[in-house]
Each structure stands twice: as C-alpha cells, then as structure tokens.
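Coordinates in review
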Amino acid sequence: MNLSELFTIDNMVDAYYSCRQAAPWKTEVQKFGLNLVGNCIALQNEILTETYRTSKPRQFTISERGKLRLIEAPVFRDRIVHRILNKGYLLPLLTPYLIHDNGASMPNKGTGFARSRLEEHLHRYYFEHGSDGYILLGDIHHYFDSIRQDILIQMLANKIPPEDNDIFRLLSYIICSSKYTEDEDGLSLGSELPQTLAVFYLSPLDNFIKIVKGCKFYGRYMDDFYIISDDKQMLNGLAHEINNYLNQAELMLNERKTQVVKLSHSFTFLQTKYSLTDTGRIVKRLTHSKVVRQRRRMKAHGRLYREGILTYDTCYNQYKSWRQSILKSYNACYTTIKALDNEYKEIFGEEFIL
C-alpha cells in the first residue's frame with residue numbers, strides 16, 4: 001500500500017464524518033465541511049507531494065483524579081490524517097503483534113474489556129490454585145513523556161514493508177513533530193494515533209512476560225499491568241527483571257504504585273477495588289476517590305439547583321445514571337449507595353426514588 005491508495009478522497013471524506021461526530025458544532029469542523037471536497041483535495045495534495053506539515057495543537061490541562069495532565073489536541077485537519085493512518089494502516093498492521101490481553105485503544109476493547117480479563121484470570125487462577133496467591137500490580141513512571149521517538153521509529157521500521165516507505169516517512173514525521181513542548185522525546189496525549197503507538201511500544205514487554213517468563217495470568221492497559229502467581233518471591237524478582245528490561249528503553253517502574261499484594265486483600269486496578277474470597281467469589285468495590293467525586297458533584301448540583309441554574313430533573317437524572325452504573329458494575333457497594341441516598345435527601349430535601 002502507498003500514500004495514494006491510503007489517502008483517497010473517499011477515505012478522507014469518511015474520516016471527516018468520523019472525526020466530526022465528537023464535536024460537530026466546533027468552528028474548525030464546520031469550516032472544513034463547508035468546502036469538504038476542496039479541502040480534502042488540498043490536504044491530499046500536500047500528503048502526496050510530501051509537503052504536509054502539522055499545525056500547532058491546542059494545549060490545555062485537565063485534572064484527572066487530582067493529577068494535572070497536559071493535553072495537546074491536534075487541529076481538525078491533522079485529526080483526519082491521524083484517523084486514516086491509524087484505522088486504515090497502523091491497526092491492521094500492528095494488531096497481529098499485540099497480545100489479546102492488551103485492552104487500551106484497541107477496537108472493541110477498553111477498560112471494560114481489561115476488567116473482564118482480570119476477573120477471568122482470577123477465576124482461572126482460583127480453579128488451579130485456590131484463593132491463596134498474589135498479584136503484582138505495575139505502573140510505568142511518566143509513560144507518554146518517556147517514550148523514545150527513535151526507538152519507536154526503529155520498531156515501526158522493522159514492521160512496515162519496504163514498499164510502504166512513503167507511509168513510513170509520513171509516520172516518522174508525525175512522531176517527531178507530535179510534541180510542541182520543550183521535551184525532545186515522548187508522545188502527546190490527545191490523539192488516537194499516539195495512543196496506538198504507545199500500546200505498540202510496550203509489545204516487547206508483553207512478549208517477554210507472556211512468552212519468555214511464561215506468565216499466563218497477565219494483562220496490560222497502556223502503562224498499567226498485573227501478573228497473578230502463587231509465588232510471591234517470583235513476583236518480586238520479576239518486578240526487578242521488568243524494571244531492568246524497561247531501563248533499556250529508558251523507562252522505569254513507578255516504585256510507589258508497583259507492589260505485590262495478596263489476592264485475598266483489597267487491591268486496585270483501573271479504579272476498581274478487587275479481592276478474591278475463599279469461595280472464589282470476586283468482590284468489587286468502589287474506590288474512595290469515586291465516592292468523593294460524586295459527593296462533591298451532588299453538593300455542587302444542589303447549590304446550582306437552589307440558585308435556579310439547574311432543574312431538579314437534571315440533578316435527579318445525573319445521580320440516577322451514576323447510581324445505576326455503579327450498581328451494575330460493583331457487587332459490594334450497597335452500603336455506600338445507601339449512605340449517598342441519605343446524603344441526596346439532605347441536599348435536595350427529597351428522597352431518591354427510582
């Protein structure tokens with residue numbers, strides 16, 4: 001495949017409609033759509049003549065569980081290029097090299113898939129070893145900012161066929177221009193293309209753990225991973241080996257978040273608290289941070305309701321939606337939900353009734 005086969009007008013129009021679904025009201029989206037075919041032809045000409053240059057992304061920070069993250073969102077025309085490269089080329093090329101238990105940024109996967117795989121691994125472990133065991137929880141320190149662009153480009157060069165060299169040059173250019181901060185390396189947060197590349201970057205680690213070390217009960221979600229075993233000493237030694245393996249790519253484990261925990265004790269993965277009972281039941285609880293965020297949200301909604309900014313139906317529907325999703329996802333949260341129902345009555349002066 002070459003650039004002319006990948007960046008056809010039909011593919012670019014399809015990518016436009018796919019990208020606009022998230023925010024069709026934005027000015028840059030509407031401007032691009034006013035002369036859709038003409039803009040697609042102009043963008044296609046830049047790509048085929050190798051004169052395409054990325055624009056400076058919009059930079060903003062978000063607070064994720066109290067941690068500030070810098071987001072660099074590409075402009076709309078660059079998102080179209082990223083969408084075509086990712087969906088039309090990278091995913092079909094790289095997916096065969098990724099393990100099944102890798103749930104981040106993959107089609108038909110996500111956090112729900114990663115959590116279900118952890119539960120399946122816990123069930124399979126219980127049938128083989130019982131509830132007496134341990135889990136190694138790992139986290140990579142500043143993952144996106146620590147990715148070496150030269151190593152990533154070399155990894156892609158080993159997978160992309162020589163006849164697709166023009167696509168490889170475009171990908172290399174986008175990787176090298178993906179960050180507009182002072183850092184020379186790393187990938188930006190805010191686009192689907194860097195997400196796929198970040199998943200692929202750790203595929204050698206996945207193969208090392210799964211194939212070389214023979215760990216059956218292993219799963220990863222971007223830079224968070226777990227390994228289940230009945231040998232605590234082996235897991236501690238494996239954590240040291242993984243850290244040495246990561247150091248070769250100038251990555252390192254987060255010592256504070258990387259730990260070995262007994263399965264019968266409470267451990268957290270992807271914002272869910274798990275524990276395995278003697279009968280093989282998996283207990284799933286809410287994390288404290290989720291409860292705190294919902295309490296703050298209810299108090300803020302109560303204040304806005306009393307000021308006449310929000311209607312009661314809006315506040316009711318928000319809490320109802322959150323409450324139902326929690327009851328569906330967690331099997332040990334009824335005491336917490338009852339306490340929040342009482343708090344709801346104190347804030348709004350009415351009992352919560354489904």
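Here, every reference points to the structure presented above.
**Considering the sheet that holds strand E6 (residues 259-262)**
Strand order across the open sheet formed by four strands is E4-E5-E3-E6, with antiparallel pairing between neighbours. For this open sheet the edge positions go to strand E4 (218-221) and E6, each flanked by a neighbour on one side alone. Averaged over neighbouring strand pairs, the angle between their axes works out to 20° when direction is ignored. Where strand E3 (residues 134-139) lies against E6, four bridges are found, and the strand directions are antiparallel. Looking across to E6, one finds that Leu137 is bridged to Gln259.

**Considering the packing of aromatic side chains**
Taken as a whole and assessed by the stated rule, the structure comprises 22 aromatic pairs. With a centroid separation of 4.7 Å and an interplanar angle of 15°, the aromatic rings of Phe208 and Tyr245 are classed as stacked. Of this pair, Phe208 sits in helix H11 (residues 203-212) while Tyr245 sits in helix H12 (residues 232-247), placing them 37 residues apart in sequence. According to the relative accessible area criterion, Phe208 is buried, its value standing at 13%. Following the ring pairs from residue to residue traces out a cluster consisting of Tyr305, Tyr312, Tyr316, Tyr319, Trp322, Tyr344, Phe348 and Phe352. Of note, Arg53 hangs over the ring of Tyr173, and the distance from its end group to the ring centre comes to 5.3 Å. In this structure, Lys159 packs its charged tip against the face of Tyr97, placed 4.9 Å from the ring centre.

**Focus: the environment of Leu122**
When you line up the elements, Leu122 lands in helix H6 (residues 111-129). Distance in space between the C-alpha atoms of Leu122 and Tyr97 is 25 Å, their sequence separation being 25 residues. Apart from the residues lying within four places of it in its own chain, the contact partners of Leu122 are Ile228, Leu263, Phe267, Leu276 and Ile282.

**What to know about the packing of helix H3 (residues 27-34) against helix H5 (residues 76-94)**
As a packed pair, H3 and H5 sit with axes 9 Å apart at the nearest point and diverge in direction by 75°. It follows from the interaxial angle that H3 and H5 lie roughly perpendicular. Contacts between H3 and H5 involve Glu28, Val29 and Phe32 from the former and Phe76, Arg77 and Ile80 from the latter.

**Describing unusual backbone geometry**
Positive phi, normally seen in glycine, also occurs at Glu250, with a value near 60°. Relative to the elements of secondary structure, Glu250 occurs in the loop between H12 and E6. Exposure remark for Glu250: the relative accessible area of 52% places this residue in the exposed category. With phi around 55°, Leu270 is a residue other than glycine that occupies positive phi space. Turning to its location among the elements, Leu270 is positioned in the loop between strand E7 (267-269) and strand E8 (272-276).

**Topic: empty space enclosed by the protein**
Taken as a whole, this structure holds two cavities of 30 Å³ or more when the rule is applied. Volume-wise, the largest cavity comes out at about 130 Å³. Forming the walls of the largest cavity are 14 residues, and the residues nearest its centre are Pro74, His82, Ser177, Ser178 and Ser188. For the lining of the largest cavity, the class distribution of residues is five nonpolar, seven polar and two charged. If you add up the space inside the second largest cavity, you get close to 30 Å³. If you trace the second largest cavity, you find it lined by Asp101, Gly103, Phe113, Ala114, Arg117, Gly219, Arg220 and Tyr226.

**Topic: the sheet that holds strand E9 (residues 282-286)**
Taken in spatial order, the three strands line up as E7-E8-E9 in an open sheet, and their pairing is antiparallel. Here the strands that pair on one side only, and so sit at the sheet edges, are E7 and E9. Neighbour-to-neighbour, the strand axes of the sheet open up by a mean angle of 35°, direction not taken into account. Examined bridge by bridge, E7 and E8 share three bridges and lie antiparallel to one another.

**Focus on the layout of surface pockets**
Approximately 270 Å³ is the volume attributed to the second largest pocket. The wall of the second largest pocket is formed by 16 residues, among which Ala22, Pro74, Arg79, Gly190 and Ser191 lie closest to the centre. Of all the secondary-structure elements, those providing two or more residues to the lining of the second largest pocket are helix H2 (9-20), strand E1 (58-64), strand E2 (67-73) and H5. A class-by-class count of the residues in the lining of the second largest pocket yields six nonpolar, four polar and six charged.

Each value, and the rule that gives it
- Numbering of residues begins from 1 in every chain and follows the order in which that chain's sequence is written.
- Where totals are concerned, whole chains, interfaces and linings use all residues; where local detail is concerned, this predicted model gives features only for residues with pLDDT of at least 70, and gives and counts side-chain atom pairs only at 80 or more.
- Note that the side-chain values use all heavy atoms of the structure and ignore hydrogens as well as water.
- A pair of strands counts as paired when DSSP detects no fewer than two bridges linking them.
- Here a helix means four or more residues in a row that DSSP labels H or I, a strand means two or more in a row labelled E, and each is numbered from the N terminus.
- Angles shown run from 0 to 180 degrees and are taken between the N-to-C directions of axes, each axis being a line fitted to C-alpha atoms and, for helices, limited to the stretch in contact.
- Two rings belonging to Phe, Tyr or Trp (six-membered ring only in the last case) form a pair when the distance between their centres is within 6.5 Å. Interplanar angles under 30 degrees mark stacking, angles over 60 mark edge-to-face geometry, and anything in between is tilted.
- Each residue is placed in one exposure class: buried if its accessible area under a 1.4 Å probe, protein chains only, is under 20% of its type's maximum, exposed if it is over 50%, and partly exposed if it falls in between.
- Lysine NZ or arginine CZ positioned within 6 Å of the ring centre and within 35 degrees of the ring normal marks a charge as sitting over the ring.
- Contacts: residue pairs with any heavy atoms within 4.5 Å of one another.
- The labels follow the angle: roughly parallel below 35 degrees, roughly antiparallel above 145, roughly perpendicular from 65 to 115, and oblique for the rest.
- For cavity detection a 1 Å grid was placed over the protein atoms alone, and a set of points counts as a cavity when a 1.4 Å probe fits there but cannot get out; an open set counts as a pocket when protein lies on both sides within 12 Å along at least five of seven lines, with lining residues being those that have an atom within 4 Å of a point.
- Grid points are joined across faces, edges and corners, and a volume is the space filled by probe spheres set on the points.
- For this classification, Asp, Glu, Lys and Arg are treated as charged, while Ala, Val, Leu, Ile, Met, Phe, Trp, Tyr, Cys and Pro are nonpolar and the rest, including Gly, are polar.

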